Amino acid sequence: MAQAAASIPATTRAAAPRQQRGWQHRRSGGGSGGGAMRQAPRCAAAIKFAKYQGLGNDFILVDNRHQADPVITPEQAVTLCDRNFGIGGDGVIFALPGENGTDYAMRIFNSDGSEPEMCGNGIRCLARFVADIDGSQPRQYRVHTLAGLIQPALLADGQVCVDMGEPILKAADVPTTLQPTQGEAVVQQRLTVDGKEWLFTCVSMGNPHAITFGLSDGTPIKVDELDLPRMGPLFEHNAVFPARTNTEFVEVLTPSHVRMHVWERGAGRTLACGTGACATVVAGVLEGKTQRTCQVDLPGGPLHIEWRESDNHIYMTGPAELVFSGSVGM
């Protein structure tokens, strides 16, 4: 993994015709209806960025702590995330000024321009990014997110351990319209998709997750056999998930070791999902399939998850690494 800084050549940024660059114009009035075309806001100067990855889940990081609003629009984020005509990434993450006594705040625009509440791999990358630009020693940060307070801690070995808080299990708060099966929680509920009846457990980590270990007839998941690009959207946009959902397909190796592939809301197939790994262990415990401390193997590598009984918080430990840095004109 290259660690040295590198600039994005101007020729790379200019390669796509203006008509192909989705952020150039957008309609006023919202929605998909009519309205006059207007020019999207343009930045007055080049934006400095750093690209980080956590198990292959890659993000464009921007130091936005000088103002409360992101310096680029969701439409511009789509362009930057384009892997052919932009920098490439699963999302753009902004380090913003802290709120309510926190060290800083985090917002993220997905590669499709949508804004999720939180991102587990992303917040590890954000903590590493801020520590790198500030020259900080390993420490814990208090980060305000749309999912509430999240606390990542940089460890001496280079890993980042994140206190992800408590999981949300109440069906209406996930949210899902699937009927609860254990109190107010949806655990091993049946859902027919693509002609097959799946068993799902629903968990929110501040963002919605639907986790399946297999079909209602007892057929277990084999992650290498999934046609994820075809199946993922069928779950993400299913009517029982009013805010759409992240979907985790899980293969159990042992009670302390699982494999998981994910289809992320707003980003599609990714190599890793931190909140998804946390939700997977919660679902595994509720279904009696996993222990509270579990290694979750994702296509990009392993995350170590602990759902601690003493405080009901979930702790996620994994890497966050600099890929390259540079500047880009919008």
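Residues numbered from 1 in each chain as written. Predicted model: local features only at pLDDT ≥ 70, side-chain atom pairs only at ≥ 80, totals over all residues. Heavy atoms only, no water.

### Details of the environment of Asn246
Stage number 1. Tracing the backbone shows Asn246 in strand E13 (residues 246–254).
Stage number 2. Sequence-wise, Asn246 and Pro208 are 38 residues apart; in three dimensions their C-alpha atoms are separated by 6.1 Å. (Helix = DSSP H or I, 4+ residues; strand = E, 2+ residues; numbered from the N terminus.)

### Some remarks on the nonpolar core
Stage number 1. In this structure, Met106, Leu126, Met164 and Ile305 are the most contacted members of the largest nonpolar core, which totals 52 residues.
Stage number 2. Here this core takes seven residues from helix H3 (residues 120–134), the largest share from any one element.
Stage number 3. Composition of this core by domain shows at least three residues from each of domain 1 (2–165 + 319–329) and domain 2 (171–312).
Stage number 4. Apart from residues lying up to four places away in sequence, Ile305 is in contact with Ala277, Cys278, Val281, Arg292, Thr293, Cys294, Val296, Ile314, Tyr315 and Met316.
Stage number 5. Judged by nonpolar contacts, the second largest core, of 20 residues, contains Ala171, Trp198, Cys202 and Leu228. (Core = buried A, V, L, I, M, F, W, Y, C linked by side-chain atoms within 4.5 Å. Buried < 20%, exposed > 50% of the residue type's maximum accessible area, 1.4 Å probe, protein only. Domains from an automatic or database assignment. Contact = heavy atoms within 4.5 Å.)

### What to know about the side chain of Asp90
Stage number 1. Summarising the element assignment, Asp90 is placed in the loop between helix H2 (74–81) and strand E5 (91–97).
Stage number 2. Looking at Asp90, its side chain comes within polar contact range of the side chain of Asn57, at 2.7 Å.
Stage number 3. Contact partners of Asp90, with chain neighbours within four places excluded, come to Gly56, Asn57, Asp58, Phe59, Cys81, Arg83, Asn110, Ser111, Ala267 and Thr270. (Polar contact = N/O pair within 3.5 Å; in protein donor to acceptor, adjacent residues only side chain to side chain.)

### Thoughts on the pairing of E13
Stage number 1. As judged from the four bridges shared by strand E12 (residues 208–215) and E13, these two strands associate in the parallel manner. Looking across to E13, one finds that Ile211 is bridged to Glu248.
Stage number 2. As for the winding sense of the linkage, the β-α-β connection from E12 through helix H4 (residues 228–236) to E13 is right-handed.
Stage number 3. Of the pairings in the sheet, the one linking E13 to strand E14 (residues 257–264) comprises seven bridges and is antiparallel in character. (Pairing = 2+ DSSP bridges. Right-handed = clockwise from strand over helix to strand, strands pointing away.)

### Some remarks on the pairing of strand E10 (residues 189–193)
Stage number 1. Side chains of E10 alternate between two faces, with Gln189, Leu191 and Val193 buried and Arg190 and Thr192 left unburied.
Stage number 2. Two strands pair when backbone bridges link them, and E10 and strand E11 (residues 196–204) are joined in this way by five bridges, in the antiparallel orientation. Across the sheet, Leu191 pairs through a bridge with Trp198, a residue of E11.
Stage number 3. What sits between E10 and E11 in their antiparallel hairpin is a turn of two residues, with Asp194 showing a positive phi close to 55 degrees.

### Thoughts on H3
Stage number 1. Its 15 residues place the ends of H3 22 Å apart at the C-alpha level, agreeing with the 21 Å of an ideal helix rising 1.5 Å per residue.
Stage number 2. H3 sits mainly inside the fold: twelve of its 15 residues count as buried.
Stage number 3. Of the positions making up H3, those classed as buried are Gly120, Asn121, Gly122, Ile123, Arg124, Cys125, Leu126, Ala127, Arg128, Phe129, Val130 and Ala131.
Stage number 4. At the C-terminal side of H3, Gly135 shows a positive phi close to 65 degrees. (Expected span 1.5 Å × (residues − 1).)

### What to know about the environment of Pro255
Stage number 1. Secondary-structure assignment places Pro255 in the loop between E13 and E14.
Stage number 2. Apart from the residues lying within four places of it in its own chain, the contact partners of Pro255 are Lys289, Thr290, Gln291 and Cys294.

### A short note on the pattern of salt bridges
Stage number 1. Per the stated rule, a full pass over the model turns up 17 salt bridges.
Stage number 2. With a closest N to O distance of 2.6 Å, Arg265 and Glu117 form a salt bridge. Taken together, the residues span a long stretch of sequence, with Arg265 in the loop between E14 and strand E15 (268–269) and Glu117 in the loop between strand E6 (104–110) and H3 at a distance of 148 residues.
Stage number 3. In this structure Arg265 comes out as buried when scored by relative accessible area, which is 10%.
Stage number 4. A relative accessible area of 25% means that Glu117 is categorised as partly exposed.
Stage number 5. Residue Arg308 is joined to Glu306 by a salt bridge in which the shortest nitrogen-to-oxygen separation is 3.2 Å.
Stage number 6. Looking at Arg308, the relative accessible area reads 30%, which means it is partly exposed. (Salt bridge = Lys/Arg side-chain N within 4 Å of Asp/Glu carboxyl O.)

### Some words on the packing of aromatic side chains
Stage number 1. Scanning all chains against the criterion turns up eight aromatic pairs.
Stage number 2. On the numbers, 6.0 Å between centres and 85 degrees between planes, the contact of Phe49 with Phe324 is edge-to-face. Highlighted residues: Phe49 in strand E3 (residues 47–54) and Phe324 in strand E19 (residues 321–328), separated in sequence by 275 residues. Residues Phe49 and Phe324 agree in their burial class; the two are buried.
Stage number 3. Relative to Phe249, the ring of Phe235 has its centre 5.4 Å away and its plane inclined at 75 degrees; by these criteria the two rings are edge-to-face. Linking Phe235 in helix H4 with Phe249 in strand E13, this pair joins segments that are 14 residues apart in sequence. We note that Phe235, like Phe249, is buried.
Stage number 4. Among the aromatic residues, those joined into a ring-pair cluster are Trp198, Phe200, Phe235 and Phe249.
Stage number 5. The ring of Trp307 carries Arg292 above its face, with NZ or CZ at 4.3 Å from the centroid.
Stage number 6. Stacked on the ring of Tyr315, the Lys or Arg Arg308 has its end atom at 3.9 Å from the ring centre. (Phe/Tyr/Trp six-rings, centres within 6.5 Å; stacked < 30°, edge-to-face > 60°. Lys NZ or Arg CZ within 6 Å of the ring centre and 35° of its normal.)

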